Amino acid sequence: MPTVDRQSEGVILRPPVTGALTANVASSVNLNAANRADPDEIDRALIDLLLRDVKMTNRELASSIGVSESAVSTRLRNLTASGAINFTAIIDWEEAGFEWLVIARIRTHNRSPREVAEAVSSLAQCVVAAVSLGDHNVVAYLLVQDRAELKRLTDDDLPSIAGIADMSLDVATDTIITPNGRRVFVGRGVPILRLPAPRVPLDDLDVAILEALIEDGRQSNRRIAHAQRASEGTVRARINRMVQANLVRAVAMVDPVALGFAAFIATISIRVDRSRILAIRDELAAIPEIAFMAVCVGDSDLSIAVTANAPEELVEVIAERVQTIAGVHSIEILLFVDIVLFSPYMKRLAKPGR
């Protein structure tokens, strides 16, 4: 049974140790090309179906692809063992009780960027921390519960970290996780998951179910019920309640390196004509390589995360499709070169039916 913690700030979930590939993301610009899997057409067909519906049974998968159930079972074991595909669950951070996402771009001095990134990653609010190549040395994404926590973070916690010369802070007022972002699984140094004020009440059984789904989003309600000594109907009802509240969703996600479609990750801060910001946001959201986007208040108007398989691909996306959008004035590109912490579990979910 998963370990459940309850603290004064809400609910604490402890995610599983991440798979082999994502745990070995290289400390280099190319995340880890040597560890790529080599899926064939049947593997890719399985992955595509599971990305659309993680709960498809082996029998349904076999029927859709035209292979035997035993072949599906063997291929799924190989894909999960290699880390190419992960069956898990995503928690909607806003429904978990966070009001803001803060994006920090940090310049360092008298201390290595790696050490500063590690110090930032130790903050309870941090969900991403990486050493970057560009005008800033460290990038961090931090989830903040309320105004008081935001004040502590920006006035006390971050400034107290040794080695920070200066910071640019953006507070996201709206965030979008694209289909690309929902399928990408990068996990490194994954912290405990903090749900400070879930908007749907959670008891110990709910928390145990959430942890079970994060550990394996494809497992059956019967298996969860057996582990928790509850009835299958009770588990089904609890899951349906949390899904309808948009707190959690079971998903399949793929390791971008293993499948060879995203060996590079960059975050791009953009200054735009604010009168066109919503139109620019919509144009950016249509670019397949963009995984995440935030409308911000601060030093940037928009912040996006872009994935690419090669440097020239990244350059093409930025130069030909981002910078050419009407109303984009300037950009700052920060290439992730050493990911210290990356939590794949806290994202925004689309509302049911959308």
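Given the structure is predicted, the values throughout are model-derived calculations rather than measurements.

A. Structural context of the sheet that holds strand S6 (residues 138–144). An order of S4-S6-S5-S13-S10-S12-S11-S7 is seen for the eight strands of this closed barrel, with the pairing classed as antiparallel. Going from strand to strand, the sheet's axes swing by 35° on average, the running direction of each strand aside. Across the sheet, helix H5 (residues 113–121) touches strand S4 (100–108), strand S5 (126–133), S6, strand S7 (164–177) and strand S13 (328–342), and the angle it forms with S5 is around 170°. Together, S4, S6 and S7 form the strand contacts of helix H6 (residues 147–157), whose direction differs from that of S6 by roughly 155°.

B. Region of interest: the pattern of salt bridges. On inspection of all chains with the given rule, the structure shows 30 salt bridges. With a closest N to O distance of 3.0 Å, Asp 206 and Arg 238 form a salt bridge. One end of the pair, Asp 206, is in helix H8 (residues 204–215); the other, Arg 238, is in helix H10 (residues 232–244), with 32 residues separating them in the sequence. The exposure class assigned to Asp 206 is buried, which follows from its relative accessible area of 1%. Connected through shared salt-bridge partners, Asp 92, Glu 94, Glu 99, Arg 199 and Arg 348 make up one network.

C. Quick look at the side chain of Ser 303. Within the secondary structure, Ser 303 sits in strand S12 (residues 302–308). The class of Ser 303 is buried, set by a relative accessible area of 1%. Discounting residues that sit within four places of it in the chain, Ser 303 has contacts with Ile 103, Tyr 141, Thr 267, Ile 268, Phe 292, Met 293, Ala 294 and Cys 296.

D. Focus on the sheet that holds strand S9 (residues 248–254). Strands sit in the order S9-S3-S14 across an open sheet of three strands; the sheet is mixed. Edge positions in the sheet fall to S9 and strand S14 (346–347), since each has one partner strand and no second. Strand direction decides the pairing type here: strand S3 (residues 85–92) and S9, joined by seven bridges, are antiparallel. Within S9, the residue paired with Asn 86 across the bridge is Met 253.

E. Seen up close, unusual backbone geometry. A positive phi angle, close to 60°, is found at Asn 110, a residue other than glycine. Relative to the assigned elements, Asn 110 resides in the loop between S4 and H5. Although it is not a glycine, Arg 229 adopts a positive phi angle of roughly 55°. Residue placement: Arg 229 occurs in the loop between helix H9 (221–228) and H10.

F. Layout of the environment of Pro 39. With respect to the helices and strands, Pro 39 occurs in the loop between helix H1 (20–23) and helix H2 (41–52). A residue is classified by how much of its surface remains accessible, and Pro 39, at 12% relative accessible area, is buried. For the pair Pro 39 and Leu 259, spaced 220 residues apart in sequence, the C-alpha separation works out to 7.4 Å. Pro 39 has contacts with Arg 44 and Leu 259, leaving out every residue within four places of it along the chain.

G. Quick peek at the environment of Ser 300. Residue placement: Ser 300 occurs in the loop between strand S11 (290–298) and S12. Placed 32 residues apart in sequence, Ser 300 and Ile 268 show a C-alpha to C-alpha distance of 9.5 Å. A distance of 3.1 Å separates the side chain of Ser 300 from the side chain of Arg 105, its partner in a polar contact.

H. Structural context of empty space enclosed by the protein. Across all of its chains, the model carries two cavities of 30 Å³ or more by this definition. Residue lining of the largest cavity: 21 residues in total, with Val 128, Ile 177, Phe 292, Phe 342 and Lys 347 positioned closest to the centre. Among the secondary structure elements, those contributing two or more residues to the lining of the largest cavity are S5, S6, strand S10 (264–272), S11, S12, S13 and S14. Per element, the largest residue contribution to the lining of the largest cavity is three residues, and it comes from S10. Of the residues contributing to the lining of the largest cavity, the split by class is 16 nonpolar, four polar and one charged. Estimates place the volume of the second largest cavity at around 80 Å³. Every residue lining the second largest cavity is listed: Phe 98, Ala 124, Gln 125, Cys 126, Val 127, Leu 143, Pro 191, Ile 192, Leu 193, Arg 194, Ser 343 and Met 346.

Reading guide: rules and limits
Counting starts from 1 at the beginning of each chain's written sequence and moves along it residue by residue. Side-chain atom pairs in this predicted model are given and counted only at pLDDT of 80 or more, local residue features only at pLDDT of at least 70, and totals for whole chains, interfaces and linings cover all residues. Just so you know, side-chain values use all the structure's heavy atoms and leave hydrogens and water out. When DSSP finds two or more bridges between a pair of strands, those strands are recorded as paired. Segments assigned H or I by DSSP are reported as helices when at least four residues long, segments assigned E as strands when at least two residues long, and all are numbered from the N terminus. Axis lines are fitted to C-alpha atoms, over the contacting stretch for helices. Their N-to-C directions set the angle, which ranges from 0 to 180 degrees. In what follows, residue pairs with any heavy atoms lying within 4.5 Å of each other are defined as contacts. Any Lys or Arg side-chain nitrogen found within 4 Å of a carboxyl oxygen on Asp or Glu counts as a salt bridge. To sort residues, take the accessible area from a 1.4 Å probe on protein chains only and compare it with the maximum for the residue type: under 20% means buried, over 50% means exposed, and anything in between is partly exposed. N or O atoms within 3.5 Å of each other form a polar contact, as long as, within protein, one can give a hydrogen and the other can take it, and as long as residues adjacent in sequence are counted only when both atoms are side-chain atoms. Throughout, the protein atoms alone are placed on a 1 Å grid, and a set of points is a cavity if a 1.4 Å probe fits but cannot get out or a pocket if it is open with protein on both sides within 12 Å along at least five of seven lines; lining residues have an atom within 4 Å of a point. Grid points are joined across faces, edges and corners, and a volume is the space filled by probe spheres set on the points. The nonpolar class holds Ala, Val, Leu, Ile, Met, Phe, Trp, Tyr, Cys and Pro. Asp, Glu, Lys and Arg form the charged class, and all remaining residues, Gly among them, are polar.

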